[in-house]
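A look at the structure
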2 protein chains.
Amino acid sequence: MADARPSLSTADSTATDTGVTTGPISGSRKVYREVGDLRVPVRRIELSNGEHLDVYDTSGPYTDDTATIDVHEGLPETRADWSGEHRTQLAWAKAGVITREMEFVAAREDLPAELVRDEIARGRAVLPANRRHPESEPMIIGKKFLVKVNANIGNSAVTSSVEEEVEKMVWAARWGADTIMDLSTGKRIHETRERILRNSPVPVGTVPIYQALEKVNGDPAQLTWEIYRDTVIEQCEQGVDYMTVHAGVLLRYVPLTAQRVTGIVSRGGSIMAAWCLAHHRESFLYTHFSELCEILRDYDVTFSLGDGLRPGSIADANDRAQFAELETLGELTRIAREHDVQVMIEGPGHVPMHKIAENVRLEEELCDEAPFYTLGPLTTDIAPAYDHITSGIGAAMIAQAGTAMLCYVTPKEHLGLPDRDDVKTGVITYKIAAHAGDLAKGHPRAQEWDDALSKARFEFRWTDQFHLALDPDTAKAYHDQTLPAEPAKTAHFCSMCGPKFCSMKITQDVRRYAEERGLTSVEAIEEGMREKSEEFTGSGGEVYLPIVG
Amino acid sequence: MADARPSLSTADSTATDTGVTTGPISGSRKVYREVGDLRVPVRRIELSNGEHLDVYDTSGPYTDDTATIDVHEGLPETRADWSGEHRTQLAWAKAGVITREMEFVAAREDLPAELVRDEIARGRAVLPANRRHPESEPMIIGKKFLVKVNANIGNSAVTSSVEEEVEKMVWAARWGADTIMDLSTGKRIHETRERILRNSPVPVGTVPIYQALEKVNGDPAQLTWEIYRDTVIEQCEQGVDYMTVHAGVLLRYVPLTAQRVTGIVSRGGSIMAAWCLAHHRESFLYTHFSELCEILRDYDVTFSLGDGLRPGSIADANDRAQFAELETLGELTRIAREHDVQVMIEGPGHVPMHKIAENVRLEEELCDEAPFYTLGPLTTDIAPAYDHITSGIGAAMIAQAGTAMLCYVTPKEHLGLPDRDDVKTGVITYKIAAHAGDLAKGHPRAQEWDDALSKARFEFRWTDQFHLALDPDTAKAYHDQTLPAEPAKTAHFCSMCGPKFCSMKITQDVRRYAEERGLTSVEAIEEGMREKSEEFTGSGGEVYLPIVG
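From a predicted model like this one, the values you see are computed outputs, not experimental measurements.

Focus: the overall build of chain A
The number of helices and strands found in chain A is 19 helices and 15 strands. Buried residues in chain A amount to 68% of all 549 residues. The contacts in chain A between residues at least 6 apart in sequence include a share of 72% that link residues at least 24 apart. Carbon together with sulfur atoms contributes 49% to the accessible area of chain A, which is approximately 17700 Å² in total.

Examining the sheet that holds strand 13 (residues 343-347) of chain A
Residues and elements named next belong to chain A. Strand order in the closed barrel formed by eight strands is 8-9-10-11-12-13-14-15, and the pairing between neighbours is parallel. With strand direction ignored, the average angle separating the axes of adjacent strands in the sheet is 25°. The pairing of strand 9 (residues 179-182) with strand 10 (residues 204-206) spans two bridges and is parallel. Bridging across to strand 10, Met181 finds its partner in Gly205. Across the sheet, helix 11 (residues 320-338) lies against strand 12 (302-305) and strand 13, angled at about 165° from strand 13, the strand it touches most.

A word on the pattern of salt bridges
Tallied over the entire structure, the rule returns 81 salt bridges over all chains. One salt bridge in this structure joins Glu459(A) and Arg461(A), with 2.9 Å as the shortest N-O distance. On the basis of relative accessibility, which here comes to 13%, the residue Arg461(A) falls in the buried class. Residue Arg117(B) is joined to Asp118(B) by a salt bridge in which the shortest nitrogen-to-oxygen separation is 4.0 Å.

A look at the nonpolar core
Membership of the largest hydrophobic core comes to 296 residues, with the highest contact counts inside it found for Phe303(A) and Phe303(B). Filtering out sequence-adjacent residues up to four positions away, Phe303(B) remains in contact with Met243(B), Val245(B), Phe289(B), Leu292(B), Cys293(B), Leu296(B), Ala336(B), Val341(B), Gln342(B), Val343(B) and Met344(B). Within the second largest apolar cluster, 14 residues are counted, among which are Met102(B), Val105(B), Ala106(B) and Ala125(B).

Some thoughts on the packing of helix 6 (residues 208-215) of chain B against helix 8 (residues 267-279) of chain B
Residues and elements named next belong to chain B. Interaxial distance between helix 6 and helix 8 falls to 9 Å at its minimum, and their mutual angle equals 50°. As summarised for this structure, helix 6 and helix 8 are arranged oblique, according to the angle between their axes. In this structure, helix 6 meets helix 8 at a crossing whose hand is left-handed. Contacts from Ile209, Tyr210 and Leu213 of helix 6 reach helix 8 at Arg267, Gly268, Ile271 and Met272. A breakdown of the residues in the contact of helix 6 with helix 8 according to their chemical character gives five nonpolar, one polar and one charged.

Concerning the sheet that holds strand 3 (residues 28-35) of chain A
Residues and elements named next belong to chain A. If you trace the three strands from one edge of the open sheet to the other, you get 3-4-5, paired in antiparallel fashion. In the strand order of this sheet, the two ends are held by strand 3 and strand 5 (52-56), each with one partner. Taken pair by pair, the neighbouring strands of this sheet meet at an average axis angle of 40°, ignoring direction. For strand 4 (residues 38-46) and strand 5, the ladder comprises five bridges, and the chain directions are antiparallel. Note on strand 5: the bridge partner recorded for Val42 is Tyr56. Helix-sheet contacts for helix 2 (residues 100-109) involve strand 3, strand 4 and strand 5, and the interaxial angle to strand 4 is about 15°.

Quick notes on the packing of helix 8 (residues 267-279) of chain A against helix 18 (residues 503-516) of chain B
Two numbers describe how helix 8 of chain A lies on helix 18 of chain B: the axes approach to 9 Å, and their chain directions differ by 20°. As the angle between them shows, helix 8 of chain A and helix 18 of chain B are arranged roughly parallel. Remark: the crossing between helix 8 of chain A and helix 18 of chain B carries left-handed chirality. Of the residues in helix 18 of chain B, those in contact with Arg267(A), Ser270(A), Ile271(A), Ala273(A), Ala274(A), Leu277(A) and Ala278(A) of helix 8 of chain A are Ser503(B), Ile506(B), Thr507(B), Val510(B), Tyr513(B) and Ala514(B). In the contact of helix 8 of chain A with helix 18 of chain B, the residues fall into nine nonpolar, three polar and one charged.

Digging into a negative patch on the surface
Residue and element names in this part refer to chain A. On the surface, Glu226, Glu291, Glu294 and Asp298 cluster together into a patch of negative charge. Take the negative patch: its biggest share by element is three residues, from helix 10 (residues 289-299). Among the secondary structure elements, Glu291 is positioned in helix 10.

A short note on the pairing of strand 12 (residues 302-305) of chain B
Residue and element names in this part refer to chain B. Alternating residues of strand 12 divide into Thr302 and Ser304 and Phe303 and Leu305, and every residue in both groups is buried. Two strands pair when backbone bridges link them, and strand 11 (residues 242-245) and strand 12 are joined in this way by four bridges, in the parallel orientation. The residue bridging Val245 from the neighbouring strand is Leu305, located in strand 12. Pairing geometry for strand 12 and strand 13 (residues 343-347), over three bridges, is parallel. Bridge pairing links Leu305 to Ile345 in strand 13.

A closer look at the packing of aromatic side chains
Applying the stated rule across the entire model yields 16 aromatic pairs over all chains. Relative to Phe303(A), the ring of Phe289(A) lies with its centre 4.8 Å away and its plane at 25°, an arrangement referred to as stacked. One end of the pair, Phe289(A), is in helix 10; the other, Phe303(A), is in strand 12, and 14 residues separate them in sequence. On the accessibility criterion, Phe289(A) (0% relative accessible area) is buried. Between the aromatic rings of Tyr242(B) and Tyr373(B), the centroid separation amounts to 6.1 Å while the plane-to-plane angle is 85°, which identifies the pairing as edge-to-face. Separated by 131 residues along the polypeptide, Tyr242(B) in strand 11 and Tyr373(B) in strand 14 (residues 372-375) bring together distant segments of the chain. Judged by its relative accessible area of 3%, Tyr373(B) is buried. Three or more aromatic residues link up through ring pairs in this structure, and these residues are Trp225(A), Tyr228(A), Trp275(A) and Phe284(A). Note that Lys412(B) overlies the ring of Tyr478(A), its terminal NZ or CZ placed 5.4 Å from the centroid.

Some words on the state of the cysteines
Inspection of the entire model under this criterion finds zero disulfides over all chains. Here Cys276(A) stays free of any disulfide, with the sulfur of Cys293(A) as its closest cysteine sulfur at 18 Å. For the unlinked cysteine Cys367(B), the closest cysteine sulfur is that of Cys293(B), found at 14 Å.

Considerations on unusual backbone geometry
All names here are of chain A. Gly349 follows Pro348 through a cis peptide bond whose omega is 10°. Positionally, Gly349 belongs in the loop between strand 13 and helix 12 (356-366). One non-glycine residue, His280, lies in the positive phi region at around 50°. You can see His280 is positioned in the loop between helix 8 and helix 9 (284-287). Assessed through its relative accessible area of 11%, His280 is described here as buried.

Looking at helix 7 (residues 225-238) of chain A
Residue and element names in this part refer to chain A. For helix 7, with 14 residues, the first-to-last C-alpha span of 20 Å sits near the 20 Å given by 1.5 Å per residue. Along helix 7, the residues classified as buried are Trp225, Tyr228, Thr231, Val232, Gln235, Cys236 and Gln238. For helix 7, the buried positions fall inside an angular range of 160° around the axis, keeping them on one side. Looking at the buried positions of helix 7, the neighbouring elements they touch are helix 5 (189-199), strand 10, helix 6 (208-215), strand 11 (242-245), helix 9 and helix 10. After helix 7 finishes, the residue Gly239 shows a positive phi value of roughly 120°.

What counts as what
- Residues numbered from 1 in each chain as written.
- Chains lettered and ligands numbered in written order.
- Predicted model: local features only at pLDDT ≥ 70, side-chain atom pairs only at ≥ 80, totals over all residues.
- Heavy atoms only, no water.
- Helix = DSSP H or I, 4+ residues; strand = E, 2+ residues; numbered from the N terminus.
- Buried < 20%, exposed > 50% of the residue type's maximum accessible area, 1.4 Å probe, protein only.
- Contact = heavy atoms within 4.5 Å.
- Areas by Shrake-Rupley, 256 points an atom, 1.4 Å probe, with all protein chains shown as cover.
- Pairing = 2+ DSSP bridges.
- Axes fitted to C-alpha atoms, helices over the stretch in contact; angles between N-to-C directions.
- Salt bridge = Lys/Arg side-chain N within 4 Å of Asp/Glu carboxyl O.
- Core = buried A, V, L, I, M, F, W, Y, C linked by side-chain atoms within 4.5 Å.
- Parallel < 35°, antiparallel > 145°, perpendicular 65-115°, else oblique.
- Left-handed = near helix turned anticlockwise from the far one by under 90°.
- Nonpolar A, V, L, I, M, F, W, Y, C, P; charged D, E, K, R; others polar.
- Patch = residues over 30% accessible without salt bridge, like charges linked within 9 Å, V, L, I, M, F, W, Y side chains within 5 Å.
- Lys, Arg positive; Asp, Glu negative; His and termini not counted.
- Charge placed at Lys NZ, Arg CZ, Asp CG, Glu CD.
- Phe/Tyr/Trp six-rings, centres within 6.5 Å; stacked < 30°, edge-to-face > 60°.
- Lys NZ or Arg CZ within 6 Å of the ring centre and 35° of its normal.
- Disulfide = S-S within 2.5 Å.
- Expected span 1.5 Å × (residues − 1).
- Arc of directions from axis to C-beta.

This is the structure:
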């Protein structure tokens, strides 16, 4: 069977002549809930017993059978007339106003709009929605809401094209990415981003320093505040919803990384460290931070304060460099909020399990509970090619501890640029981590999904089980590898145990037997045993209870 | 690139004409450490900088270039003359005697033999080594030692052959399985097990009730103590090292499962529940437990007390049925120990993250710290086809909490019988979980491996990085997908970020620059900044610090 392993890409999804994947996920269809004059998308999973389960839907119009997709036209500008005055969501929230974006988000999360407003006003949640990205569907990032997942895409100088990156965006959103980051560092950066933004139903994040560095031919020392500022404005104008800014990498923190096993592993962090040392001056991101706030405020772009000194190995986790920077990020958080700019804080990286909780605790303490947005963390360094898993473990744990958004890691991490299959594996792995986090935090609706799937499993509704899976296509393909025939879809077993050894089948037999005989309570059982026992004793039979040690 | 994804099977390993995979793992070679007259195997990873790293080796002679493998002959009976009197490892340990098996294990774990003896004597560790399985290399399961991984193999009535199962055993041990369980329920059960045992360098576990059920044509009601006992003796004679016995499924616990979402999901548990109800009598495994102890003692077979009522869904986790059974397992643990029989306790199953720690706490309390051996647990039900990941998260966390051995889950869980690729994915995923657990528990030598890999990564020793990976073949294949050429193996970048954006390259440049200029301490940096600042002030330049909120 070694060669029969199905590709993780799906046979069901259709690459249309627009070059992107369209059509519903197997067994689901797009439904819009009308909330006032808002149309809030959900993915409805129809079940064979007449029930259905509605789940949170990030996929945008691409999974809507009735939508017309033209990547050259871009998506409809649904939010074009939503914005009133030029005020940020944070400013409105502080003023006590519930915006349409907040209403939309509240409906998506099935939570009160007032909670949404309050969490944003406190800075404990962000709603990243650049006015110039009216194609996006509003979503919220904060620890009281569903844990979110970001997928990094973008080309490098070595590989990939604009078309591939647009498809990766659609593909990532299809499988559940709540936001995407375009980290392109190769050719046609502006054009790639434009095509992604005009077609993206989810908020788009970037790291502007990458494009700025391209403008100076890759020499960090040649960077200036002016080049950086103009790049930020260019990206704000295009509609980028949140930007990673490594403004916490201060000159005096650079020596703290000297003894590390892996030094500075953040690209932005290493660029800024190089600049600071070359000029022997404080980072222009730090010294010009207030100007940056003013620019981002004008578009309502959200800060994602980057952890440029995050640990890149188990050995470097939770060290002085990392937490020194975090303190500075706290300082910058307060400045941004004074400017009514929304802020989230990026987190590590590589962290062994016993050091994970401290990251969340310190972030909340130092950054006044700004939403935490972490990369993994990877819980060991020894498994390149499986870092979606080493990091999925850490991601689930840090989500449980209160992280609001998880940046995925793909199997290609440390090895190469992820392709479309890697993107899917990364997203599904992180949806697992996020959902495990939702369950562990006791999110009121999270367990519905698990219960629906387990019920289908117990009742041998195989097709429902596939459709309720995060990845219906792969679940079905794996099942069909050994039992492809149609009757197996209603069989009371699978090839794992075969017909005689299926515990669920035996359990159902047991339940039926017990019900027919009234043996459905401990009392009934004990009464029956007492009678049996008396029979035995009366007949001189061996007493089988209690056992003799 | 969608179709270029390399198979998870390796190109390097050689399927010899013996039908099993032989030859070293890429970049490693088998080395034996001489400890007294014992030869203790390690896997030596040779590095390009002249250093090497020795890691724990489960793979047996199959990865020894100098060994002759003949699966019809079986492995050499290395331990044939080790056993003295018929006494169990537990009995020797209680008597204060360090056996050769204990010495071997101490050398493997690099820990004092007296600690090994003491942990076994307390019942806090087990050394499963049936006298009739002299081909096995002794290993220890206990929370003070490296976290272990078990791989389930075995055919079902639907699929697989003897040859395939022997290769799965060799394959699982190759990638790091510390024990395997043969869960065959299909044809030729005895013969399959015989071939596995004679060729297995790792301890082999079974669930005797499966074969007993085959003997009565799959009807649980037809089972008797005598049929079961004879099956156990048959398997003890063959050399099985540990046996799962679901003796804690009591008649009165069955109704506790009636309201569950997924009832009884353990095969053994459901079989025994069916038997108890059909006869309305207490389980013969419970009533005859002392006799069972006497049989296992004669061969030094270890009990793995099965959790027949483990939860099979998030909804059923930590319920009354589960913990009622655990209490009975505690009672049975004490009886087994009185008979000098070693015991470990099996655990769940499906458990959300916030309920994981309680499982370990209760197991230790109720079962006097007998080693805990858990299946996952799966932290959500919604991702069939990815249950190696849903459960890898739970496995890492429960290992951190003190679980001694993790039973792997493969991507095929709930869907079909795992093939060879699934076995590898399952084992590697669980090695990650186990190692993450070792790191989090502060195992003295665990971090060496992470440090060696991260150092290789930082120094762009790509080939060393691959060789230090848990799965060198897949790591290299992923890297080579985009940069296959030989020069890329020494390049200071990969396709993920391209040459200009590699943070590690920039960091090295930064370090060199800083060292050349003496900017290697916070003090030096601050002194430099003060001078610069004075220059600026003197020249009427703008003061760039502090920033203005």
